[in-house]
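A look at the structure
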Amino acid sequence: MSNTKNIKSALISVYYKDNLEPIIKKLNNLGVKLYSTGGTLSFIEKLNIPVTAVDSVTSYPEIFGGRVKTLHPAIFGGILNRRDNDSDVKEKVQHNIPDIDLVIVDLYPFEETVLGEAKEQEIIEKIDIGGISLIRAAAKNFNDVVIISSRNDYSELLTLLESKKGSSELSDRKRFAAKAFATSSHYDSAIFNYFNNTENIPQFKQSLQQAQVLRYGENPHQKGKFYGDLNKMFTKLHGKELSYNNLLDVDAGVALISDFTEPTFAILKHNNACGVASRDTILKAYTDALAGDPVSAFGGILIGNKKIDLATATEINKLFCEVVIAPAYDEDALTVLKSKANRIILIQNKVELSNKSFRTLLNGVIEQDKDLNVETEADLKSATTKIPTSSEIKDLLFANKLVKHTKSNTIVFAKNQQLLASGTGQTSRVDALKQAIVKAQNFGFDLNGAVMASDAFFPFPDCVEIAHKVGITAIIQPGGSIKDKESIDYCNANGVSMVMTGVRHFKH
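Read on for a plain summary of the structure. (Residues numbered from 1 in each chain as written. Predicted model: local features only at pLDDT ≥ 70, side-chain atom pairs only at ≥ 80, totals over all residues. Heavy atoms only, no water.)

This part covers unusual backbone geometry. Generally, phi is negative for residues other than glycine and the peptide bonds are trans, each holding for most cases. Cis geometry marks the peptide bond from serine 408 to asparagine 409, where omega comes out at -10°. Considering the arrangement of structural elements, one finds asparagine 409 in the loop between α16 (390-404) and β19 (411-415). The phi dihedral of asparagine 271 is positive, around 75°, even though this residue is not glycine. On the secondary structure map, asparagine 271 appears in the loop between β11 (264-269) and β12 (272-278). (Helix = DSSP H or I, 4+ residues; strand = E, 2+ residues; numbered from the N terminus.)

This part takes up helix α4 (residues 73-80). Of the residues making up α4, those classed as buried are Ala74, Ile75, Phe76, Gly78 and Ile79. Buried residues along α4 sit against β2 (9-14), α3 (54-58), β5 (102-106) and α8 (130-140). (Buried < 20%, exposed > 50% of the residue type's maximum accessible area, 1.4 Å probe, protein only. Contact = heavy atoms within 4.5 Å.)

Attention now goes to the sheet that holds β5. The sheet built from 5 strands is open, its strands ordered β4-β3-β2-β5-β6 with parallel pairing. Two strands close off the open sheet at either side, each with one partner strand: β4 (52-53) and β6 (146-148). Here β2 pairs with β5 via 5 bridges, running parallel. By the bridge assignment, alanine 10 is partnered in β5 with leucine 102. (Pairing = 2+ DSSP bridges.)

Before going further, it helps to examine the packing of aromatic side chains. Per the counting criterion, the structure on display carries 9 aromatic pairs. A centroid spacing of 6.3 Å and a plane angle of 65° characterise the contact between phenylalanine 110 and tyrosine 187, whose relative ring orientation is edge-to-face. Pair noted here: phenylalanine 110 is in helix α6 (residues 110-115) and tyrosine 187 is in helix α10 (residues 170-199), with a separation of 77 residues, a long-range link. There is no split in this pair, since phenylalanine 110 and tyrosine 187 are both buried. Where phenylalanine 298 meets phenylalanine 320, the ring centres are 5.0 Å apart and the plane angle is 45°; that geometry is what we call tilted. In this pair, phenylalanine 298 sits in the loop between α13 (282-292) and β13 (300-304) while phenylalanine 320 sits in the loop between α14 (310-316) and β14 (321-326), placing the two residues 22 residues apart along the sequence. Each member of the aromatic cluster is reached from another via a ring pair, and the members are Phe110, Tyr187, Tyr194 and Phe195. One residue, arginine 175, lies across the ring of phenylalanine 176, its end atom 5.3 Å from the ring centre. Positioned above the aromatic ring of phenylalanine 192, the side-chain terminus of lysine 205 is 5.9 Å from the ring centre. (Phe/Tyr/Trp six-rings, centres within 6.5 Å; stacked < 30°, edge-to-face > 60°. Lys NZ or Arg CZ within 6 Å of the ring centre and 35° of its normal.)

Right, let's talk about the layout of surface pockets for a bit. Leftover empty space is mapped by rolling, across the atoms, a probe with the size of a water molecule. By volume, the second largest pocket amounts to about 460 Å³. What lines the second largest pocket is a set of 23 residues, and nearest its centre among them are Gly66, Arg67, Lys69, Tyr108 and Asp128. Among the elements of the structure, β2, α2 (38-46), β5, α7 (120-125) and α8 are those that each provide at least two residues to the lining of the second largest pocket. Looking at the lining of the second largest pocket, the element that brings in the most residues is α2, giving 3 residues. Each residue belonging to the lining of the second largest pocket can be placed in one class, and the counts come to 7 nonpolar, 10 polar and 6 charged. (1 Å grid on protein atoms, 1.4 Å probe; cavity = no way out; pocket = protein on both sides within 12 Å on 5 of 7 lines; lining within 4 Å. Points joined across faces, edges and corners; volume = space filled by probe spheres on them. Nonpolar A, V, L, I, M, F, W, Y, C, P; charged D, E, K, R; others polar.)

Considering all chains together, one arrives at 1 cavity of 30 Å³ or more under this definition. By volume, the largest cavity amounts to about 30 Å³. Lining the largest cavity, in full, are Asp259, Asn373, Val374, Glu375, Asn400, Lys401 and Lys404. Its residues assigned to classes, the lining of the largest cavity shows 1 nonpolar, 2 polar and 4 charged.

Relative to the helices and strands, serine 408 is located in the loop between α16 and β19. By relative accessible area, serine 408 is classed as buried at 11%. Within polar-contact distance, the side chain of serine 408 engages the backbone nitrogen of lysine 507 at 2.8 Å. Beyond its immediate sequence surroundings of up to four residues, serine 408 is in contact with Gly425, Gln426, Asp455, His505, Phe506, Lys507 and His508. (Polar contact = N/O pair within 3.5 Å; in protein donor to acceptor, adjacent residues only side chain to side chain.)

Pasting the structure below:
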């Protein structure tokens, strides 16, 4: 039997009517019998194209305010009957059920309604029942039926109708069926997650409909994809496509910069900040961030939280960097930044991000709340007799933001709202401290009067002793070690102030 099927009848029931008219007209030109209901029926009638109301097929009116329209054996029988099955054909004739060869559905906009902060009853009414049932039925019977489950597929359907003159191949129908089940599963996941915001049923269901194939993964021999809507997150102004590693750094940069309100610039490499500074101007913030580690900054990701002007762009242009991100740019600044063909220039849009994070491991996925804690002066508890000065407190809070966004174990040195050095991703805290000291000294920073932040408690007093001997005068840490007293005693004996937050900021 031929895999080619002619489309002789179509059921159309859509929420949004955009770009539907050319399809209706094409189906009419091909002599396809149209069935419809509700607003779609009215839309077709206004085009002066013949259409049969669904209730004339079912002999049953729409009821319950339109909640029940197409849910009837005469409709679903027309979709689900197997054309090559003698028993199905006999029953179809017996019950006077018409074949339906094409189903076009565009579901109620549930996710849009949720995002619009509608009341619960309005949200519930946007849970599509008939549409989702039509999609699943038509997709199941892809051997005989074409299913269009989203307005995003209208153009592909129109091309099919024009190129194949109203017929379809099995491969066409199966591809549309796969898309249909993707649509239905995504829709159901969105509904589940809406209810699960309050019910907390322990099941993992996430669905992202958009995907971008990346040049490769973390390394050239690995394939990579990004699932999500980058165009919603950023407005791309210039440059090549973001790579897998770019995206990891960009994600880290966006998370870090969100903790700052004053003009701040950060430079990241391998998900860690190698330079950060907060200043009165974005230009000064950038130049002081770069001074933190001008070597690691090469090929890094640059992100600022204020508009980039010409002076800042001119300085940035002296550095080879992969990506520049800011909320806005002056036009003359863009002209300078675009002088490098491959440099990626992004505007960060205001997008509400999930407060959950996920990671695949072993044969599953782990989920956690994102670490969104930002400690303030009110959260600091002095552990020593010496109290930090007001300028030290500012630096301590600055440094504490940075340890939160740096791979553990980590130690951060800061002074005057500038990252001086950090020890990152070390297996012992004292090694992270020693790494930070070497980096600071290599770039000529004077650690006298600087502050130190740790992402977790000090298991021994060795860290505070080493830090004090290189000039550190104030320390911030979560506390909680059974040997906290030994670190506190050393600080008290040597004039070092220490505050505790009670909040650990591991990052693995």
